[in-house]
Amino acid sequence: MSDADLNGRRVLAIVTNYGVEQDELVVPVEHLRDDGAEVTVAAVSADPIETLVGDKEPGRTVRPDTTIATADPDGYDLLLVPGGTINADTLRLDEDALDVVRSFADAGKPIAAICHGPWALVSAGVVEGKNVTSYASLQTDLRNAGVASWTDTSVVRDETRYPLVTSRNPGDLDDFLAAVDDLLVSGAA
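Residues numbered from 1 in each chain as written. Predicted model: local features only at pLDDT ≥ 70, side-chain atom pairs only at ≥ 80, totals over all residues. Heavy atoms only, no water.

### Description of helix α1 (residues 22-34)
Alright, step 1. Between its first and last C-alpha atoms α1 spans 18 Å; for 13 residues at 1.5 Å apiece the expected length is 18 Å, and the two agree.
Alright, step 2. What α1 keeps buried is the set Gln22, Glu24, Leu25, Val26, Pro28, Val29, His31 and Leu32.
Alright, step 3. Taken from the residues just after α1, Gly36 is the one with a positive phi, measuring 100°. (Helix = DSSP H or I, 4+ residues; strand = E, 2+ residues; numbered from the N terminus. Expected span 1.5 Å × (residues − 1). Buried < 20%, exposed > 50% of the residue type's maximum accessible area, 1.4 Å probe, protein only.)

### Focus on the packing of α1 against helix α6 (residues 173-186)
Alright, step 1. Put simply, α1 and α6 touch, their axes get as near as 11 Å, and they point 45° apart. By the criterion of interaxial angle, the relationship of α1 to α6 is oblique. For the crossing formed where α1 meets α6, the hand is right-handed. Packed against α1, whose contacting residues are Asp23, Val27, Pro28, His31 and Leu32, the element α6 presents Leu173, Leu177, Val180, Asp181 and Leu184 at the interface.
Alright, step 2. Taken together, the residues of the contact of α1 with α6 sort by class into 7 nonpolar, 1 polar and 2 charged. (Axes fitted to C-alpha atoms, helices over the stretch in contact; angles between N-to-C directions. Parallel < 35°, antiparallel > 145°, perpendicular 65-115°, else oblique. Left-handed = near helix turned anticlockwise from the far one by under 90°. Contact = heavy atoms within 4.5 Å. Nonpolar A, V, L, I, M, F, W, Y, C, P; charged D, E, K, R; others polar.)

### Some remarks on the sheet that holds strand β3 (residues 38-43)
Alright, step 1. Spatial ordering of the open sheet is given by β6-β3-β1-β7-β8-β12-β11, a layout of 7 strands whose pairing is mixed. Edge strands, defined here as strands with exactly one partner in the open sheet, are β6 (66-67) and β11 (155-158).
Alright, step 2. The pairing of β11 with strand β12 (residues 164-167) spans 4 bridges and is classified as antiparallel. Across the sheet, the residue bridging to Val155 is Ser167, located in β12.
Alright, step 3. Contacts from helix α3 (residues 95-106) reach β1 (10-15), β7 (78-81) and β8 (111-114) within the one sheet, and its direction differs from that of β1 by about 145°.
Alright, step 4. Packed on one face of the sheet, α6 meets β1, β7, β8, β11 and β12 and runs near 25° to β11. (Pairing = 2+ DSSP bridges.)

In structure tokens:
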């Protein structure tokens, strides 16, 4: 995918402990770590993260590095919000997760959200005026939250207020990760 030099870059991934789409968590985390970034996976609790494949089949179990409540957003260059319907629907109800999202947006720091991940941005109130993409079923929620436009394309990058990269699904991971790498390398992060 990339040979980006991400040494010295710190990424915070936030998820619930059940229902995150396996490839939307595991592939970005492994990719970013392979390119030198320090990635911290923060979950709602310290319990293992049970991923799913296609929202139904059990996937890999991932051990979180910390909890969302104890993660300090100030120490990170980029926020990663993976999807998975169950993960995203639960995450958008978690006040600690929403506080982290708001913290990144308010500080003008980059956020990368894929598939159903943008639901957390809607609930945090940080998508108004943004150009985005997502899993197709979220487009009405995003439009109702005031996005400037929703586009059915593999990746959308928007720089309004804070840098945001969004993608539709695991099939877009190559384009998504290239855009994330670009954010981290270009200094937007």
